[in-house]
Amino acid sequence: IALPSGQAMNVVPQLSPVVTKIIDLGGDFRLPNAALYKEYYKHDHTAVHLLNASVYGLPELNKEKIASSCFIANPGCYPTSAILPLLPVLKNNFISPSGIAINSLSGISGAGRAASTDLSFSEINENVRAYKIGTHQHIPEIETVLSGASGKDVRVSFIPHLVPLTRGIYTTIHAELTREVSDAEIADCYSSYYKNAPFVRVREGIPAIKDVAYTNYCDIAFRVNRRTNQLVLISVIDNLVKGSAGQAIQNMNIMFGISQEKGLR
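About the cut-offs
Residues numbered from 1 in each chain as written. Predicted model: local features only at pLDDT ≥ 70, side-chain atom pairs only at ≥ 80, totals over all residues. Heavy atoms only, no water. 1 Å grid on protein atoms, 1.4 Å probe; cavity = no way out; pocket = protein on both sides within 12 Å on 5 of 7 lines; lining within 4 Å. Points joined across faces, edges and corners; volume = space filled by probe spheres on them. Nonpolar A, V, L, I, M, F, W, Y, C, P; charged D, E, K, R; others polar. Buried < 20%, exposed > 50% of the residue type's maximum accessible area, 1.4 Å probe, protein only. Helix = DSSP H or I, 4+ residues; strand = E, 2+ residues; numbered from the N terminus. Arc of directions from axis to C-beta. Contact = heavy atoms within 4.5 Å. Polar contact = N/O pair within 3.5 Å; in protein donor to acceptor, adjacent residues only side chain to side chain. Pairing = 2+ DSSP bridges. Axes fitted to C-alpha atoms, helices over the stretch in contact; angles between N-to-C directions. Parallel < 35°, antiparallel > 145°, perpendicular 65-115°, else oblique. Left-handed = near helix turned anticlockwise from the far one by under 90°. Core = buried A, V, L, I, M, F, W, Y, C linked by side-chain atoms within 4.5 Å. Lys, Arg positive; Asp, Glu negative; His and termini not counted. Salt bridge = Lys/Arg side-chain N within 4 Å of Asp/Glu carboxyl O.

Enquirer: Summarise empty space enclosed by the protein; cite the residues concerned and give the values.
Expert: Summed over the entire model, instances satisfying the criterion amount to 1 cavity of 30 Å³ or more. Its boundaries defined by the atoms lining it, the largest cavity holds a volume of some 30 Å³. Glu123, Ile124, Asn127, Val128, Arg129, Leu162 and Val163 are the residues that line the largest cavity. Residue classes in the lining of the largest cavity are distributed as 4 nonpolar, 1 polar and 2 charged.

Enquirer: Go over helix H2 (residues 34-41) with me, naming the residues and quoting the values.
Expert: For H2, the set of buried residues is Tyr37, Tyr40 and Tyr41. Seen end-on, H2 carries its buried residues on one side only, within an arc spanning 85 degrees. Packed against the buried residues of H2 are helix H1 (8-15) and helix H6 (138-150). Of the residues flanking the start of H2, the one acting as N-cap is Asn33, its side-chain oxygen 2.8 Å from the backbone nitrogen of Ala35. Backbone geometry just downstream of H2 places Lys42 in the positive-phi region, at approximately 70 degrees.

Enquirer: Can you break down the sheet that holds strand E2 (residues 55-56) residue by residue, with the values?
Expert: The strands that make up a sheet are held in pairs by hydrogen bonds between backbone atoms, and each pair lies either parallel or antiparallel. With parallel pairing, the 3 strands of this open sheet are ordered in space as E1-E3-E2. Each having just a single partner strand, strand E1 (22-24) and E2 make up the two edges of the open sheet. In terms of strand pairing, E1 meets strand E3 (residues 71-73) through 3 bridges, oriented parallel. Along E3, the bridge assignment pairs Ile23 with Ile72.

Enquirer: Now, about the packing of helix H4 (residues 77-91) against H6: what can you tell me, with residues and values included?
Expert: Interhelical geometry of H4 versus H6 gives an angle of 25 degrees and a closest axis separation of 10 Å. The orientation of H4 with respect to H6, classified from their angle, is roughly parallel. In the crossing of H4 with H6, the sense of the turn from one axis to the other is right-handed. Contact with H4, carried on its side by Cys77, Tyr78, Pro79, Ala82, Ile83, Leu86, Leu87, Leu90 and Lys91, involves His138, Glu141, Ile142, Val145, Leu146, Ala149 and Ser150 of H6 and no other residues of that element. Here the residues of the contact of H4 with H6 are counted per class, giving 12 nonpolar, 2 polar and 2 charged.

Enquirer: So what's going on with the nonpolar core? Residues and values would help.
Expert: Ranked by internal contacts, the top residues of the largest apolar core, which has 55 residues, are Phe29, Leu86, Ile95, Ile100, Ile102, Ile186 and Leu231. Aside from chain neighbours lying at most four places away, what touches Ile102 is Ala82, Leu86, Ile142, Val156, Ser157, Phe158, Ile159, Thr171, Thr172 and Ile173.

Enquirer: How would you sum up the side chain of Lys152? Please name residues and give values.
Expert: Inspection of the secondary structure assignment puts Lys152 in the loop between H6 and strand E6 (156-162). For Lys152, which is buried and forms no salt bridge, the nearest opposite charge comes from Asp153, at a distance of 12 Å. Side-chain polar atoms of Lys152 contact the side chain of Asn93, separated by 2.8 Å. Setting aside chain neighbours within four positions, we find Lys152 in contact with Leu90, Lys91, Asn93, Pro97 and Ser147.

Okay, here's the thing in structure tokens:
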């Protein structure tokens, strides 16, 4: 299902009794809390009874749950680019769960196909701008998933930017280190966490959007800033593949018990 926010929650209750597998690409079932949904999506949720029925469809986090579920809430593109680099270092207590700063640059296709003056060529070309500072609907999604996975109260500052590209998301994250840690320790942490994740690649060099365009990969790199005691993370995805339809295919493959790479290589 690929419907605008507020529409899927009216369709899924009708489908769930008769359709055996549902993957929702919208945001209606990503948050477990109706009040939080209303705060960020600006309208009431009409299918509250199904909020806890879905599994958050990030395969690198919930593969086993996805495999046994019949209802998947596909993650947002920005959250995918932020959660994947943060999960291992949060779980291993390398960084503080508060004060995490996330800056993401997104291509114009992330805004959908609706006609808008703000999204016209003359406004986007040769231009960069931030938007929805502190109010973006993906903030609670990022915090909820990371808090649940790490067992900590995670708080982030998330600022999205629109850039003159067709597709792709480039995310840079700054997080406070909790102790002195070597590059080798961090590299081992990522290698261990994502050893069975075919679509996550940890790079030594700085990744670029062109490295993942038209693929289902998420490329991640890290640098330790000793001077500021910060861990700097960089991730890149194609917002239409790993950030949307490709991740839905990956989830579908897992739900039906076939290789998650089927149709994505």
